[in-house]
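So you can see what is in the structure, the chains are spelled out below.
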Amino acid sequence: ENGPRVVLSARGLRKDFAGFTAVNNVDLDVHHGKIHALIGPNGAGKTTVFNLLTKFLAPTGGRIELLGRDITRTSAARVARMGLVRSFQISAIFPHLSVLDNVRVALQRPGGLATQFWRSLGALDRLTPRAMELLASVGLDGDAERLAGDLSYGRKRVLEIATTLALDPKVLLLDEPMAGMGHEDVGTVSDIIRAVARDRAVLMVEHNLTVVADLCDWITVLQHGEVLAAGDYGTVSRDERVKVAYMGT
Ligand code: ADP
């Protein structure tokens, strides 16, 4: 194969809400090993695109492919099992469980890496090595025995990502993973997302343009439900229409 592999694509994606077109004719390609940002002003349609891609919403028009298969009419549950996972699908972490138990529970979920055999036995102990491996991959192994509720805000978000990885996603959709974080946590989470994207694809909504510039390989800018510009950060940040959309003039 030549060039990076497209793992998720949308063509002519459209969503109407009672006569209002929230998403119109959106094309998008998400590549294995790359981090793709979806940006745009409030109301641009970012959340709706996420909901369409994950099949939380049925598109009014267009076509979506995941790993070369048409998923335009596939259920959300099935799409998740095929490897398209959104962060908040597990983001309700259990504050009264340990960090380790949060990941072990996630491994046992449908689509999680635990086999049906271990799930039915409820053999949480058997999942410890895999859970610790996942925690180590995001730098949380030192916190394994702590209550999830006692983690800092940034580390809770990292734990959310770890529980998402328990589903072994091929494409990971992250909705504002840095929201509300201080500088240090942003750096930590950026490193984690970079590591996660090495053998997966990541599509993220992110408002912090410094983060986008630093982290993302490709950027799709939405405005009024349409793609205003797409390209690497240098390209889209020089685009006059993008400047106008962001400066509001
Ligand atoms: P963003 O995430 O970029 O802020 P959204 O996707 O949330 O934008 O919204 C895009 C547009 O679609 C907005 O004008 C919003 O009001 C509208 N919208 C979103 N969801 C619905 C819905 N369920 N019914 C009607 N309009 C909606």
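Residues numbered from 1 in each chain as written. Predicted model: local features only at pLDDT ≥ 70, side-chain atom pairs only at ≥ 80, totals over all residues.

On to the site of the ligand, then. For the ligand, the full set of nearby residues is Phe-17, Phe-20, Ala-22, Gly-40, Asn-42, Gly-43, Ala-44, Gly-45, Lys-46, Thr-47 and Thr-48. Those elements that provide at least two residues to the shell around the ligand are β2 (20-31) and α1 (46-53). If you tally residues by element for the shell around the ligand, the top one is α1, at three residues. Here the shell around the ligand is built from residues that sort into four nonpolar, six polar and one charged. (Near = placed C-beta within 6 Å. Helix = DSSP H or I, 4+ residues; strand = E, 2+ residues; numbered from the N terminus. Nonpolar A, V, L, I, M, F, W, Y, C, P; charged D, E, K, R; others polar.)

Bridge count between strand β9 (residues 218-223) and strand β10 (residues 226-231): five bridges; the pairing is antiparallel. Within the sheet, the bridge partner assigned to Leu-222 lies in β10 and is Val-227. Counted between consecutive antiparallel strands, the loop separating β9 from β10 contains two residues, among which His-224 sits at a positive phi close to 50°. (Pairing = 2+ DSSP bridges.)

Turning next to the sheet that holds strand β1 (residues 6-17). Here we have four strands laid out as an open sheet, ordered β2-β1-β4-β5, and antiparallel in their pairing. Across the chains shown, the open sheet's two edge strands, defined by having one partner strand only, are β2 and β5 (69-70). Of the strand pairs in this sheet, β1 and β2 are connected by eight bridges, and their pairing is antiparallel. Across the sheet, the residue bridging to Phe-17 is Phe-20, located in β2. Contacting β1, β2 and β4 (61-66), α1 runs over the sheet at an angle of about 115° to β1. (Contact = placed C-beta atoms within 7 Å. Axes fitted to C-alpha atoms, helices over the stretch in contact; angles between N-to-C directions.)

The next subject is the nonpolar core. In terms of nonpolar packing, the biggest core is built from 73 residues, with Val-103, Leu-135, Ala-162, Val-171 and Val-202 touching the most fellow members. Every residue in contact with Val-202, bar those within four places of it in the chain, is listed here: Ile-35, His-36, Leu-172, Leu-174, Ile-193, Val-196 and Ala-197. (Core = buried A, V, L, I, M, F, W, Y, C linked by C-beta atoms within 7 Å. Buried ≥ 20, exposed ≤ 12 C-beta atoms within 10 Å, placed from the backbone.)

Most of helix α3 (residues 99-108) sits inside the fold, with nine of its 10 residues counted as buried. Those residues of α3 lying buried are Val-99, Leu-100, Asn-102, Val-103, Arg-104, Val-105, Ala-106, Leu-107 and Gln-108.

Moving on, we get to the environment of His-32. You can see His-32 is positioned in the loop between β2 and β3 (35-39). A tally of 17 C-beta atoms within 10 Å means that His-32 is categorised as partly exposed. For His-32 and Gly-139, which are 107 residues apart along the polypeptide, the C-alpha to C-alpha distance reads 23 Å. Sequence-distant contacts of His-32, that is, excluding residues within four places in its chain, are made with Pro-4, Arg-5, Val-7 and Ala-201.

The subject of this paragraph is the packing of α3 against helix α6 (residues 153-165). At a minimum axis separation of 8 Å, α3 and α6 run at an interaxial angle of 30°. Between α3 and α6, the crossing angle belongs to the class labelled roughly parallel. You can see that α3 and α6 cross each other, and the crossing is right-handed. Residue-level inspection shows Val-99, Asn-102, Val-103 and Ala-106 of α3 in contact with α6, the latter providing Leu-159, Ala-162 and Thr-163. Tallied by class, residues from the contact of α3 with α6 come to five nonpolar, two polar and no charged. (Parallel < 35°, antiparallel > 145°, perpendicular 65-115°, else oblique. Left-handed = near helix turned anticlockwise from the far one by under 90°.)

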